[in-house]
Amino acid sequence: MKRTDWFTEARFGLFLHWGLYAIPGRGEWTYAMDKWEPGVYENLIHQFDPQDYDPAEWAHLAKAAGMKYVVFTTRHHDGFCLFDSHYTDYKITNTPYGKDVTRMLADAFRAEGLKVGFYHSLPDWTHPGYRDPESPEFYQTGQVPPLDPADHKAYQDLLYHHIEQLMTEYGKIDILFLDYTSQHKANEDYFDRERILEMVYRLQPDIIVNDRLSYFKDNVRDFDYYTPEICIPNQQQQVKGKEVPWETCTTMNNHWGYCPTDEAYKTLHTLTSGLIGCVSKNGNLLLNVGPEPSGKFPPMAVSRLKDLADWYRINGEAVFGCGRSDYTAPYGCIYTQKGQTIYCYLLVDPMGDLILPQIKGKIQKITLLRTGADCALVDHWGFELLRPDEQRIRTAGALAGDVLKIELK
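Along each chain, residue indices are assigned from 1 in the same order as the chain's sequence is written. At least 70 in pLDDT is required for a residue's local features to be given in this predicted model, at least 80 for side-chain atom pairs to be given and counted, and no such filter applies to totals for whole chains, interfaces and linings, which use all residues. Hydrogens and water are ignored here; the side-chain numbers use all heavy atoms of the structure.

## Section: the overall build of the protein
Secondary structure elements are taken from DSSP: a helix is a run of H or I of four residues or more, a strand is a run of E of two residues or more, and numbering for both begins at the N terminus. In terms of regular secondary structure, the protein is built from nine helices and 16 strands. In this setup the radius of gyration rests on C-alpha atoms only. A globule is expected at 2.2 Å times the number of residues raised to 0.38. Here the C-alpha atoms of the protein give a radius of gyration of 23 Å, agreeing with the 22 Å that 2.2 N^0.38 yields for 409 residues. The principal-axis extents of the C-alpha atoms in the protein amount to approximately 80 × 45 × 40 Å. Classification of residues uses two cut-offs on accessible area relative to the type maximum, computed with a 1.4 Å probe and protein chains only: under 20% is buried, over 50% is exposed, and between them is partly exposed. Taking all 409 residues of the protein together, the buried fraction comes to 55%. Residue burial considers only the protein chains on display, and all accessible areas are found by Shrake-Rupley using a 1.4 Å probe. Accessible area for the protein stands at about 17,300 Å²; split by element, carbon and sulfur atoms hold 50% of it. Treating the 42 positive side-chain charges of the protein as one cloud and the 56 negative ones as another, the clouds have centres 6 Å apart. Positive charges are assigned to Lys and Arg, negative charges to Asp and Glu, while His and the chain termini are left out of the count. The atom standing in for a charge is NZ when the residue is Lys, CZ when it is Arg, CG when it is Asp and CD when it is Glu.

Written out as structure tokens, the structure reads:
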């Protein structure tokens, strides 16, 4: 049994970007992209007081929507820790709130039966030992200060010890999502990769770790899973000529962190078609919410999660435990498959009948999951120009976003 088996079965997870950046509400890169007077951003620590934080409610919403795991930002690039770090005072337990929100979240999601993953930023924009052209100094001045080797070693040690603490004090951790992979560091091992990974696997033998400790993938060790972002690849992901587990992450709107002016939330159809698209290529979808500084999910995010729950309650069998189909989907559709069952997701409203390739004579039954209605096989007309392996069917009133369950003999 592989460590990734549960992950490739789950197919759907919740990403959470939360931190001090929720207070200005301009996204998680505001510290780098906006002009802050020295110390002003860091002083937001004295305002962070999420009295409405209820991780049990977050976990309930995620589970109902069909999500099987969570990935939580224990530290983003701004260096602020959402856990009770032993190595910096720039942390959640020094805010007015004072509680370790990471511990609370891990306990709440485990209680709902979900797997727990931690995101931890490789960059720390507040540390003199981290330098990169994608950092506040460069965005504000156009220059990257020189890197002192002693500072860099101190930064590597801080990163190591933070991850070590997360691996030892928060119970069983199922996923470690390290971020991000800088093109400016593509040809160097900036973070002392093997030292980190040896420690992680020693402390959490069953954990899976993503691929972002290396920009290039072909000349380094194999990672447990791979992470294209805000896209759906056209094929099963391959590394070194082998098919690999993978996951794409995307946001509900256009920001990862909370941004109250961003109302461009993706439609339910966009989200479900994206999820099915990932599954059809043997991949996962990690869908992000940026909580408010109060600790609540934005109302539109809650609405989308509830819509997903309604859809998943009916159609979730096309996602959980499914993967790429052996058969080619018809026009306007995507297939997933589990055993001898094909699930046909409709990207568009059918113009009329569907023509299913490759499976004539192999069909036991076709059902529209939303209504339970049977879809009739059409063999009395309109088949004279079909290929011998094609089967015409009536879709029983199916609409875009619906799933047809095709049971094979």
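Picking up where we left off.
## Some remarks on the environment of Ala 400
Among the structural elements, Ala 400 can be located in the loop between strand S15 (391-393) and strand S16 (403-408). Looking at Ala 400, the relative accessible area reads 32%, which means it is partly exposed. Taking C-alpha positions, Ala 400 is 5.2 Å from Leu 347, a pair spaced 53 residues apart along the chain. Throughout, a residue-residue contact means that at least one pair of heavy atoms, one from each residue, lies within 4.5 Å. Every residue in contact with Ala 400, bar those within four places of it in the chain, is listed here: His 269, Leu 346, Leu 347, Val 348 and Asp 349.

## Some remarks on the side chain of Asp 124
The residue Asp 124 is located in the loop between strand S3 (115-121) and helix H5 (136-141) in this model. N or O atoms closer than or at 3.5 Å make up a polar contact, with two conditions inside protein: a donor-capable atom paired with an acceptor-capable one, and, for residues adjacent in sequence, both atoms drawn from side chains. One polar contact links Asp 124 to Thr 126, side chain to side chain, over a distance of 2.6 Å.

## A look at the packing of helix H3 (residues 55-64) against helix H4 (residues 101-111)
All axes here are fitted lines through C-alpha atoms, helices being fitted over the stretch that makes contact, and every angle between N-to-C directions spans 0 to 180 degrees. Packing of H3 against H4 leaves a shortest axis separation of 8 Å and a crossing angle of 40 degrees. Of the possible angle classes, the one that applies to H3 and H4 is oblique. Both H3 and H4 take part in a crossing whose hand is right-handed. Two secondary-structure elements touch here, H3 through Pro 55, Ala 56, Trp 58, Ala 59 and Ala 62 and H4 through Met 104, Leu 105, Ala 108 and Phe 109. In terms of residue class, the contact of H3 with H4 is built from nine nonpolar, no polar and no charged. Orientation is classified from the angle alone, with under 35 degrees giving roughly parallel, over 145 giving roughly antiparallel, 65 to 115 giving roughly perpendicular, and any other angle giving oblique. By convention, the crossing between two helices is left-handed when the near helix turns anticlockwise from the far helix through less than a right angle, and right-handed when the turn is clockwise. The nonpolar class holds Ala, Val, Leu, Ile, Met, Phe, Trp, Tyr, Cys and Pro. Asp, Glu, Lys and Arg form the charged class, and all remaining residues, Gly among them, are polar.

## Re the packing of aromatic side chains
When two rings of Phe, Tyr or Trp (its six-membered ring) have centres within 6.5 Å they constitute a pair, described as stacked for plane angles under 30 degrees, edge-to-face for angles over 60, and tilted for the intermediate range. With the rule as written, the count across this model stands at 31 aromatic pairs. Ring geometry for Phe 48 versus Phe 80: centroids 6.2 Å apart, planes at 85 degrees, classification edge-to-face. Taken as a pair, Phe 48 in the loop between helix H2 (30-33) and H3 and Phe 80 in the loop between strand S2 (69-75) and H4 lie far apart in primary sequence, 32 residues in all. As far as the burial class goes, Phe 48 and Phe 80 line up, both buried.

## Brief notes about the pairing of strand S9 (residues 283-289)
In terms of residue burial, S9 counts as a mostly covered element, since seven of its seven residues are buried. Side chains of S9 alternate between two faces, with Gly 283, Leu 285, Leu 287 and Val 289 and Asn 284, Leu 286 and Asn 288 buried alike. A crossover gets the label right-handed when its path from the first strand over the helix to the second runs clockwise, viewed with the strands pointing away from the viewer. The parallel pair strand S8 (residues 246-251) and S9, bridged by helix H8 (residues 268-280), forms a crossover whose chirality is right-handed.

## Quick look at the sheet that holds S15
Ordered in space as S12-S15-S14, the three strands form an open sheet in which the pairing is antiparallel. Bordering the open sheet on either side are strand S12 (354-356) and strand S14 (377-378), each of which pairs with just one other strand. In this structure, S12 lies alongside S15, joined through three bridges in antiparallel fashion. Its bridge partner being in S15, Leu 356 is matched across the sheet by Gln 391. For two strands to pair, DSSP has to find at least two bridges joining them.

The quantities given are spatial measurements derived from coordinates; they are silent on function.
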